[in-house]
Amino acid sequence: MAISRTAFMLLWWLPFAAQAENTDPLRFGPLIAQSQAPLQTTGLTPILQDPFQLKAGQTDAFASVAIGSVWAPSQEYNFDYYHNQFMGGFVHALDEEKRIGVWLQYRYAANNRLDGLTEKFHSIFGIDQNGRTEVDEDRFYIYVPSTMDAPVEDFTGDPLLSAINLYGEQTLYEDMHHAVSAGVTLFFNRVSHGVFANTSFEQSAQLNYGYQREKHRLTAMVSLVHRPDKPQHFVEVKPWGINAGISYQYQWFTHHELIGEYLISQGKAAGAGLGELNALVHEFALGYRYLFNNSAIELVAIENMFNHDNSTDIVFNATFRHRFL
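Once that is clear, we can look at the overall build of the protein. For the protein, the helix and strand inventory stands at two helices and 14 strands. Counting every position in the protein, which comprises 325 residues, the buried fraction comes to 50%. Contacts in the protein between residues far apart in sequence, at least 24 positions, make up 65% of those at least 6 positions apart. Taken as a whole, the protein presents about 14600 Å² of accessible surface, with 63% of it coming from carbon and sulfur.

This is the structure we're talking about:
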């Protein structure tokens, strides 16, 4: 109940905070949102970056919390568990053309009791339950028969990811409405204990595109990821992968934005016989952003699409962002 009261007081306070500032709030770029597919979340997952977002000397800082429910049953594998993530960091503009960033991620398995809510959500929108109602709720269960002798169960509390991301970006072209930049990410993950114990060093290069006109903003990204030749999430993974995404942000009112994003990731599993883990991951994010002064709060829901057995069933994400001018 304490969390509910705190959330209620925060929502009650936001309009008054906005009224206290005479100038219009700053515009932020895409959501702080990543692919939530089981194999994607145990390694480097690029984030959409807007080349227009920062001017020289400015810094965007953020802190986010995400809760997800994984349900991916098939003949080749079975994933059924919850995961939660804390992520925080910043992106700083060294000058008009160069930006650097650092963010930390910690993802772990814990019971966030999303099964019942997920079933209701699917029922309301006519989405197939995909067998979820045929097993017990709140399970922690992973089984990949081709790579495991027996299922892994009851791993509540085990970390999935404990990583640092270092990011650098260079603007290649910019005019009033269009901008293009190139970015590089270095990623180091070390999980020292639990069923997901792993150490990996990964790298990615991405190309970012931004478009802005009045109340409309569009951001797109395509990236190439390199990862070590070692298993993740009990599955052998490809050494190279491609990720892409597009984000549309609409300024509904002065302090309110609506954001839709489409994320697509190459299937990460290596070798045949792993079903949809070899297929593309399609995810759609729907977000609302409240802007006040130099800050923003984002509320996001991420739902998998098309290939329902290779991604997280549903994810809810909340992020606080602040720009230092």
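From this point on, the discussion continues.
Here we take up a nonpolar patch on the surface. On the surface, Leu104, Ile164, Leu166, Val184, Leu186, Phe188 and Phe201 cluster together to form a nonpolar patch covering roughly 590 Å² of accessible area. Those elements that place two or more of their residues in the nonpolar patch are strand E6 (159-174) and strand E7 (178-191). Examined against the element boundaries, leucine 166 turns out to sit in strand E6. Given the relative accessible area of 39%, leucine 166 is considered partly exposed.

A few words now on the environment of asparagine 111. Here asparagine 111 lies in the loop between strand E3 (98-108) and helix H2 (115-124). As for asparagine 111 and histidine 83, which are separated by 28 residues in sequence, their C-alpha atoms are 7.6 Å apart. Among all residues touching asparagine 111, those that are not within four sequence positions of it are Tyr82, Asp138, Phe140 and Thr156.

It is worth spelling out the confidence of the model for the protein at this point. Residue-level pLDDT values for the protein average 86, and 86% of them are 70 or greater. The secondary structure element of the protein with the lowest average pLDDT is helix H1 (residues 2-19), at 44, and the one with the highest is E7, at 97. Predicted confidence is poor over residues 1-22, with pLDDT under 50, and the contacts of this stretch with residues over four places away or in other chains come to 13 contacts.

Among the 12 residues of strand E12 (residues 281-292), nine are classified as buried, and the element is accordingly described as predominantly covered. Pairing between strand E11 (residues 256-265) and E12: 10 bridges, direction antiparallel. What sits directly across from glycine 260, in E12, is leucine 286. As consecutive antiparallel partners, E12 and strand E13 (residues 295-305) are separated by two residues, and within that stretch asparagine 293 has a phi angle of approximately 50 degrees, a positive value.

Below, the discussion takes up the packing of aromatic side chains. Considering all chains together, one arrives at 11 aromatic pairs under this definition. Ring geometry for tryptophan 103 versus tyrosine 167: centroids 5.8 Å apart, planes at 40 degrees, classification tilted. Of the two residues, tryptophan 103 is situated in strand E3 and tyrosine 167 in strand E6; the sequence distance between them amounts to 64 residues. Look at tyrosine 106 and tyrosine 108: their rings are 5.8 Å apart centre to centre, the planes differ by 25 degrees, and that puts the pair in the stacked class.

On to the nonpolar core, then. Phe79, Tyr81, Ile142, Val144, Phe155, Val235 and Leu277 are the most contacted members of the largest nonpolar core, which totals 21 residues. Secondary structure elements with two or more residues in this core: strand E1 (59-73) and strand E2 (78-93). Among the elements that line this core, the one with the most residues is E2, at three residues. Among residues more than four places away in sequence, those in contact with phenylalanine 79 are Pro38, Val70, Trp71, Ala72, Tyr141, Ile142, Val144, His233 and Leu277.

We now examine the pattern of salt bridges. Overall, the coordinates contain nine salt bridges when judged by the stated rule. Its salt-bridge partner being aspartate 60, residue arginine 323 comes within 2.7 Å of it at the nearest N-O pair. Of this pair, arginine 323 sits in strand E14 (residues 312-324) while aspartate 60 sits in strand E1, and the two are 263 residues apart along the sequence. Within this structure, Arg27, Glu257, Arg289, Glu298 and Arg321 form a network of salt bridges that share partners.

The rules behind each value
Residues numbered from 1 in each chain as written. Predicted model: local features only at pLDDT ≥ 70, side-chain atom pairs only at ≥ 80, totals over all residues. Heavy atoms only, no water. Helix = DSSP H or I, 4+ residues; strand = E, 2+ residues; numbered from the N terminus. Buried < 20%, exposed > 50% of the residue type's maximum accessible area, 1.4 Å probe, protein only. Contact = heavy atoms within 4.5 Å. Areas by Shrake-Rupley, 256 points an atom, 1.4 Å probe, with all protein chains shown as cover. Patch = residues over 30% accessible without salt bridge, like charges linked within 9 Å, V, L, I, M, F, W, Y side chains within 5 Å. Salt bridge = Lys/Arg side-chain N within 4 Å of Asp/Glu carboxyl O. pLDDT = per-residue confidence, 0-100. Pairing = 2+ DSSP bridges. Phe/Tyr/Trp six-rings, centres within 6.5 Å; stacked < 30°, edge-to-face > 60°. Core = buried A, V, L, I, M, F, W, Y, C linked by side-chain atoms within 4.5 Å.

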